[in-house]
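A structural walkthrough
Below are the chains, spelled out letter by letter.
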Amino acid sequence: MVNSNMTIDSPHKSALITGGAIRVGAAMAQALAADGWHVAIHYHGSGAEAEALLAQIQAHGGHGHLVRADLRDPDAVAGLIAAAGRDAPPLCCLINNASLFENDAALNMTQKSWDDHQAVNLRAPVFLARDFARNLAARDLEAQGLEDGAVGVVINLLDNKMFALNPDFFSYTIAKYGLLGATKVLAMELAPRVRVCGIAPGITLPSTNQSAQGFRTAHALNPLGQGSTLEQLVAALRFILAAPALTGEVITIDGGQSLLGLPRDVAFLTED
């Protein structure tokens, strides 16, 4: 995702990407760094990957720093916005990308499974959006050298199954459905200083223990015969950032899979 020949001026704004060390988050961090943002890359268990990503970004002229937090811990979440903005340009974008994705069902879920999924996938993004908006309101934008009237942007990573529900991954699904609602309500509550949008991908990368053939089948199980890619998700991110009248909307990129109303998670429908 990084152009090795690019020249990046000193950034004047920062973005926090939760779960930014790997997979979709890493692609977004690379893209924003290439676009001239200072990237605060949040991680929890992926320390080595986070350090390698930051080194790669800096080697190509980009700017950023790492912030570690367990999103299940409310105290850690409470300090994350401050940590993301420390010794960095003003924080203007929050990407709630981190996600807990473990399978359970309504009949076998545990209290821990439920609590962990709600904490990572719903509570943390909502409270981070709150703290992001408070930080923006408290800042003297003119003194920071930002363009007068600049607003912040929150982007929530959702899931295309929010538009074609099935009961698999029960706790995860309920939490993400709550985040879909929060995206709409926060867009109303935080306007006009903060825009809030979502991106809802279909299958993009192979999941743990998924075979190469299973991934190819699942990726193509939709009307267009092709699924979302990292490049398309980055394009959606850039579009949201570039569209100042866009808020409360969710961009779904799944090749039309959600139109099929599949009865189960697509990963289970394509098992070898």
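Please read all numbers here as calculations on a predicted model, not as lab measurements. (Residues numbered from 1 in each chain as written. Predicted model: local features only at pLDDT ≥ 70, side-chain atom pairs only at ≥ 80, totals over all residues. Heavy atoms only, no water.)

**Let's talk about the overall build of the protein**
When its secondary structure is counted, the protein shows nine helices and seven strands. Taken along its principal axes, the extent of the C-alpha atoms in the protein is 55 × 40 × 35 Å. For the protein, the centre of its 18 positive side-chain charges and the centre of its 26 negative side-chain charges are spaced 2 Å apart. (Helix = DSSP H or I, 4+ residues; strand = E, 2+ residues; numbered from the N terminus. Lys, Arg positive; Asp, Glu negative; His and termini not counted. Charge placed at Lys NZ, Arg CZ, Asp CG, Glu CD.)

**Quick look at unusual backbone geometry**
Between A191 and P192 the backbone carries a cis peptide bond, its omega angle lying at 5 degrees. For P192, the location among the structural elements is in the loop between α6 (170-190) and β6 (194-201). For D87, which is not a glycine, the phi torsion comes out positive at approximately 55 degrees. In this structure, F169 takes a positive phi of about 55 degrees despite not being glycine. Note that F169 resides in the loop between β5 (152-157) and α6.

**Details of the pattern of salt bridges**
Scanning the model with the defined rule gives six salt bridges in all. What you see here is one network of salt bridges that share partners, running through D70, R72, K112 and D116. (Salt bridge = Lys/Arg side-chain N within 4 Å of Asp/Glu carboxyl O.)

**Looking at the packing of helix α1 (residues 23-34) against helix α2 (residues 47-59)**
Helix packing geometry: the angle between the two helix axes and the distance between the axes. Put simply, α1 and α2 touch, their axes get as near as 10 Å, and they point 20 degrees apart. Judged by the angle between their axes, α1 and α2 are roughly parallel. For the pair α1 and α2, the crossing hand works out as right-handed. Contacts between α1 and α2 involve A26, A29, Q30 and A33 from the first element and L53, Q56 and I57 from the second. Of the residues contributing to the contact of α1 with α2, the split by class is five nonpolar, two polar and no charged. (Axes fitted to C-alpha atoms, helices over the stretch in contact; angles between N-to-C directions. Parallel < 35°, antiparallel > 145°, perpendicular 65-115°, else oblique. Left-handed = near helix turned anticlockwise from the far one by under 90°. Contact = heavy atoms within 4.5 Å. Nonpolar A, V, L, I, M, F, W, Y, C, P; charged D, E, K, R; others polar.)

**Describing the sheet that holds β5**
Spatial strand order, β3-β2-β1-β4-β5-β6-β7: seven strands in an open sheet with parallel pairing. Strands with a single pairing partner mark the edges of an open sheet, and in this sheet they are β3 (63-68) and β7 (250-253). Direction aside, the axes of adjacent strands within the sheet are offset by 20 degrees on average. Relative to strand β2 (residues 38-43), strand β1 (residues 14-17) runs parallel, the two being bridged by four bridges. Residue A15 lies in a different strand from β2, and its bridge partner there is V39. Relative to β3, α2 is tilted by about 170 degrees, and along the sheet it contacts β2 and β3. Packing against the sheet, helix α8 (residues 230-242) makes contact with β4 (91-96), β5, β6 and β7, and its axis sits at approximately 165 degrees to β6. (Pairing = 2+ DSSP bridges.)

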